[in-house]
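One letter stands for each residue in the lines below.
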Amino acid sequence: MKDAWIPYALQPVPRYTSYPTAADFSPVVGVGEAADWLRGVPPDEAISAYVHIPFCEKLCWYCGCATSVPNGYARVADYVELLIGEIRLKARATGNHGGIGHLHFGGGTPNSLIAEDLQRVIAALREAFGIRPGAEIAIELDPRTMQDGQVAAMAAAGVTRASLGVQTLAPKVQAAVNRIQPPEMIEALVRDLRGAGISALNMDLMYGLPYQTTEDAADAARFAASMGAARVSLFGYAHVPWFAKHQRAIDEAALPGLEARFAQAEAASAALLAAGYRPIGLDHFAREDDPLARAAAEGRLRRNFQGYTDDPHETLIAFGATAISQFREGYVQNLKDRKAWGEAVKAGRLPAERGISLMADDRLRARAIERLMCEMSVDVRAVCAEMGAAPEALDGALDAAAPLARDGLCAVSPGCITVPEEARLFLRTVARCFDARQPASLEGRHAKAV
């Protein structure tokens, strides 16, 4: 890492899976807007759906997700009933549409659901909203907690893609983050999934974990490649113990320093590139024949709360506590407190807690940020023309990028900002130039850039 980049690497920066970010949501937007926006989904337009499962049988200490350990299945079973209730409630509130074209189960750990309940949730979505032929149905899995019959149930329910949490294979690192899973466990799950016809497999990896070395990160990348993963995500561990309380179990003294983190990310990336993967945006990699790689090559890559995607739909309806829905008009987040979320569903109320309405300037900046995050380059004048804005509407972003350009994080030419390959990890830093809503300080709100 260049010396001039170190101050930028230490700055907190949003992930920009949306703009405005969730930090800008407020109770000003809630149930009323959710109802209006659901009712206003354009007729016959296909939609996306996201289902949040906020449970894990075992808690990984690095995790920053909204999840908890249920200590038995009763809480999960109750949640499933409420989830089905929310699906039916939102289906009644939604205008005519073309059915679900993309469905994603995230968490937490979606395989916290027993086989029968996973099938029931998918069946409820199919009955209430309709699932289009050829739709992608994706699910995140924890290889440690797979149960008998789950793979067969996923295949029977139409699951087409599974994302496996691998993170690291180094035993010392696994012990330090409370996630013990030998490679044989992952290999067995891969065989079972492919044997059931679920052949599109993703793997999630991490760098910057306690006791992790550069070779550990590269080994995990080579393992993912050897397993034939179609997509690989390479995330940096974000140490935010003030937000994720269980991260306090991690020994801060064992965390790699900034230079080591950067070296780990570079080593894992190099291993994936050597194995034939295409880099996708900030932290994804895909084989050339995967739809995500094709979308990137054709300029169709998108970015949403699930990360990089080839999902083209403009409306995403989310289900479950804390889940965020996306509409043309804005974003709406469900109640975070599971009890309050459940009570709203039982009362027949949309369980909305907060959100934000999009202004024309928000849409303009969101488009510029997405293009930069997806393509590592953005033609500012072209984005202004596309969004019907004045040609100079984003000149402030070009000015803000000038100091970064002097330090080599980007290049600024007339009306265009480009991030070089060696500065890929600083995409968010450059994207921040377009952020007109950022507070004076981002400390305590977001993870550091690298």
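Residues numbered from 1 in each chain as written. Predicted model: local features only at pLDDT ≥ 70, side-chain atom pairs only at ≥ 80, totals over all residues. Heavy atoms only, no water.

**A short note on the pairing of strand 7 (residues 277-280)**
For clarity, the threshold we go by: Strand pairing follows a simple DSSP-based rule, namely that at least 2 bridges must link the two strands. A run of H or I in DSSP counts as a helix once it spans at least four residues, and a run of E counts as a strand once it spans at least two, with each numbered from the N terminus.
In this structure, strand 7 lies alongside strand 8 (residues 284-287), joined through four bridges in antiparallel fashion. Counterpart to Pro279 in the pairing with strand 8 is Phe285. As consecutive antiparallel partners, strand 7 and strand 8 are separated by three residues, and within that stretch Gly281 has a phi angle of approximately 60 degrees, a positive value.

**Re the packing of aromatic side chains**
How two aromatic rings sit relative to each other is given by the distance of their centres and the angle of their planes. Heads up, the condition is: Ring geometry is summarised as follows: Phe, Tyr and Trp rings, the Trp one being its six-membered ring, pair when their centres sit within 6.5 Å, and such pairs are stacked at plane angles under 30 degrees, edge-to-face over 60 and tilted between the two. Throughout this description, buried means an accessible area under 20% of the type-specific maximum (1.4 Å probe, protein chains only), exposed means over 50%, and partly exposed covers the range between. In our convention, an over-ring charge means Lys NZ or Arg CZ found within 6 Å of a ring centre and within 35 degrees of that ring's normal.
Enumeration over the complete set of coordinates arrives at seven aromatic pairs. A centroid spacing of 5.9 Å and a plane angle of 20 degrees characterise the contact between Phe25 and Tyr331, whose relative ring orientation is stacked. Here Tyr331 lies in strand 13 (residues 330-334) and Phe25 lies in the loop between helix 1 (6-9) and helix 2 (31-39), a separation of 306 residues in the sequence. Residues Phe25 and Tyr331 agree in their burial class; the two are buried. An angle of 90 degrees between the planes, with centres 5.4 Å apart, marks the rings of Phe55 and Tyr79 as edge-to-face. Within this pair, whereas Phe55 is found in the loop between strand 1 (47-53) and helix 3 (74-93), its partner Tyr79 is found in helix 3, the two being separated by 24 residues in sequence. Accessibility classification places Phe55 together with Tyr79 in one group, the buried group. Pairwise contacts between aromatic rings join Phe25, Phe305 and Tyr331 into one cluster. The ring of Phe319 is capped by Lys90, whose NZ or CZ atom sits 5.4 Å from the centre of that ring. Taking the ring centre of Tyr308 as reference, the NZ or CZ of Arg303 above it sits at 4.5 Å.

**Details of the packing of helix 3 against helix 11 (residues 338-346)**
Applicable threshold: Axes here mean lines fitted to C-alpha atoms, for a helix over just the part in contact, with angles spanning 0 to 180 degrees between N-to-C directions. Under this scheme an angle from 65 to 115 degrees is roughly perpendicular, one under 35 degrees roughly parallel, and one over 145 degrees roughly antiparallel; angles in between are oblique. Two helices crossing with the near one rotated counterclockwise from the far one by less than a right angle form a left-handed crossing, whereas a clockwise rotation gives a right-handed crossing. What makes two residues a contact is simply this: any of their non-hydrogen atoms within 4.5 Å. When residues are grouped by polarity, Ala, Val, Leu, Ile, Met, Phe, Trp, Tyr, Cys and Pro land in nonpolar, Asp, Glu, Lys and Arg in charged, and all others, Gly among them, in polar.
Between helix 3 and helix 11, the least distance of the axes is 9 Å, while the angle of their chain directions is 45 degrees. Overall, the two elements helix 3 and helix 11 adopt an arrangement that is oblique. When the axes of helix 3 and helix 11 are compared, the crossing they make is left-handed. In contact with Arg75, Tyr79, Leu82, Leu83, Gly85 and Glu86 of helix 3, helix 11 contributes Arg338, Trp341, Gly342, Val345 and Lys346. Partitioning the contact of helix 3 with helix 11 into residue classes produces five nonpolar, two polar and four charged.

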